[in-house]
Amino acid sequence: KEFLTIIQKEASKTDFDRYLKQLILKKVSIEENLATFEVANKYIASWIKSKYTNLIQQCFEMFDGSKPEIDIKIIGEKKTKKDIQNIQIQNQTPESTILNPSYTFDSFVVGPSNQMAYNASLAVSTKPGIQYNPLFIYGGTGLGKTHILQAIGNHALENDKTVIYVTIEQFMNDFTFSIKNKNMEHFRAKYRNCDVLLIDDIQFLSGKEQTQEEFFHTFNELHNAKKQIVMTSDRLPSQIAGLVDRLKSRFEWGLTTDIQIPRLETKIAIIEKKSELNGINLSREIITFIATTLDSSIREIEGVLIRINASASLLNQEINLAMVQNLLKDQIKENKENIKLPDIINTVANELNIKPSDIKSKKRTTSVANARRVVIYLARELTHNSMPDIAKFLEMKDHSSISHNIKKTNELMKKDENFNLTIKNLKNKLINKE
Ligand code: ADP
Ligand code: MG
């Protein structure tokens, strides 16, 4: 109780009510120099870890002068043989990640938006290196790329394959670390002796010439040895700017398949599955409401489920439609406060492969005009800025063209399914801060 009061004083009220309160209640053990807590799921765990580890330590210090390491676990988490194997792989070098055991094929809901990616993933994880090599999966933020990639890894591990899962950033860090420590042999041994290499978010190879060179050799070695390579990206290889041609072409040697924004029925099925996994009971009405209100990212939907769960269990609120409507209203309001105009420009420029400075310029090429229109539309949708504010920010003389641009965007979204998807993906990126 004392600990609770200390932390309550230091943390923000919302954070405390939503998450930290739960952390305290589920505290399980303090041994030696380690304090272990349990929380309901991995999101709360990683959120608290990243934001509040220091504060929790300080609270211990204030409380009894100790300063233990803080470990935040998920309730009922047990280390399986697979986890241990994973950890062993992780320990080989500083930069690789363990697989999330809950990202499996079983927990992945299949629908028309991801059927092909799912089938191909299942095939390569069952028989790595035989078909579809490399497998290249692309699609917008929060649509399940990491989930399916790790599902391949988890499944292959079960079949006693050696699996490496890294984001391309981790690959790059590992590479620079190995150069610095003159340990390239170790690096190469690690990446060239696996059965399955899973690389997440490969689009970040863009512009990293030395890493591209090294990755080129890794790729060739593995491919020649008929080892499986799977990559994910937010866009097609041909659309990754600053990627050397020989990699672009290699990425397309096998199968390239996308994951799209799920349709309503799939979204409903996903919400059902996730709420079941989180032990939340939602009526059909509520599920449909969430599915229709949040129209793109599954990650965002999951965030909402966690909030519902937290309000229900911590504040003893009954889960009903009004409560969920309120929660979503808050969430949308919060999104609007968090997204800034420069973020929108940068994200749109990056996605559409143009320079951010072009958007504020007088240029009138089709691609720039199109990007500017998208920025205007998103600025109106995702922030509280007025039309004159937006015009001023974009250094446009006349704000009357703002509403014209918005109208035009709405028309295009109705007419052109690809354009519609681009807009939704951009929204996802901004809301998920990616
Ligand atoms: P991405 O890597 O494409 O940004 P993630 O794989 O991180 O997206 O997915 C975001 C969240 O949505 C994850 O928690 C994941 O489990 C969930 N998710 C996405 N698609 C599905 C699906 N088809 N079935 C179940 N969960 C899904
Ligand atoms: Mg991902």
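Residues numbered from 1 in each chain as written. Chains lettered and ligands numbered in written order. Predicted model: local features only at pLDDT ≥ 70, side-chain atom pairs only at ≥ 80, totals over all residues.

- Looking at an unreviewed UniProt entry, one finds the protein chain named Chromosomal replication initiator protein DnaA and attributed to Aliarcobacter vitoriensis.
- As recorded by UniProt, the Subcellular location (unreviewed entry) comment attached to the protein chain reads in full: "Cytoplasm". (UniProt positions renumbered as here; feature names shortened; annotations may be inferred.)

### Focus: helix 11 (residues 264-277)
Stage number 1. Relative to the 20 Å expected for 14 residues at 1.5 Å per residue, helix 11 spans 20 Å between its end C-alpha atoms, a close match to the ideal helical length.
Stage number 2. Taken together, the buried positions of helix 11 are occupied by T266, K267, I270, I271, K274 and S275. The buried residues of helix 11 all sit within an arc of 165° when viewed along its axis, so they share a single face. Away from its buried face by more than 90 degrees, helix 11 exposes E265 and E276.
Stage number 3. At its buried positions, helix 11 is contacted by helix 12 (284-293) and helix 13 (298-314).
Stage number 4. In the segment just after helix 11, G279 is the residue with positive phi, at about 65°. (Helix = DSSP H or I, 4+ residues; strand = E, 2+ residues; numbered from the N terminus. Expected span 1.5 Å × (residues − 1). Buried ≥ 20, exposed ≤ 12 C-beta atoms within 10 Å, placed from the backbone. Arc of directions from axis to C-beta. Contact = placed C-beta atoms within 7 Å.)

### Some thoughts on the environment of A123
Stage number 1. Looking at the element boundaries, A123 is found in helix 5 (residues 115-126).
Stage number 2. Look at A123 and you get partly exposed, because 16 C-beta atoms sit within 10 Å.
Stage number 3. When the C-alpha positions of A123 and I48 are compared, they lie 37 Å apart, and in sequence the two are 75 residues distant.
Stage number 4. Not counting the four nearest positions on each side in its chain, A123 is found in contact with Q131 and Y132.

### Notes on the site of ligand 1
Stage number 1. Contacts to ligand 1 come from 16 residues, most closely from G144, K145, T146, H147 and I298.
Stage number 2. For the shell around ligand 1, the secondary structure elements donating two or more residues are helix 6 (145-158), helix 11 and helix 13.
Stage number 3. Across the shell around ligand 1, the residue classes tally to five nonpolar, seven polar and four charged.
Stage number 4. Shared between two domains, the shell around ligand 1 holds at least three residues of each, these being domain 2 (82-259) and domain 3 (264-317). (Near = placed C-beta within 6 Å. Nonpolar A, V, L, I, M, F, W, Y, C, P; charged D, E, K, R; others polar. Domains from an automatic or database assignment.)

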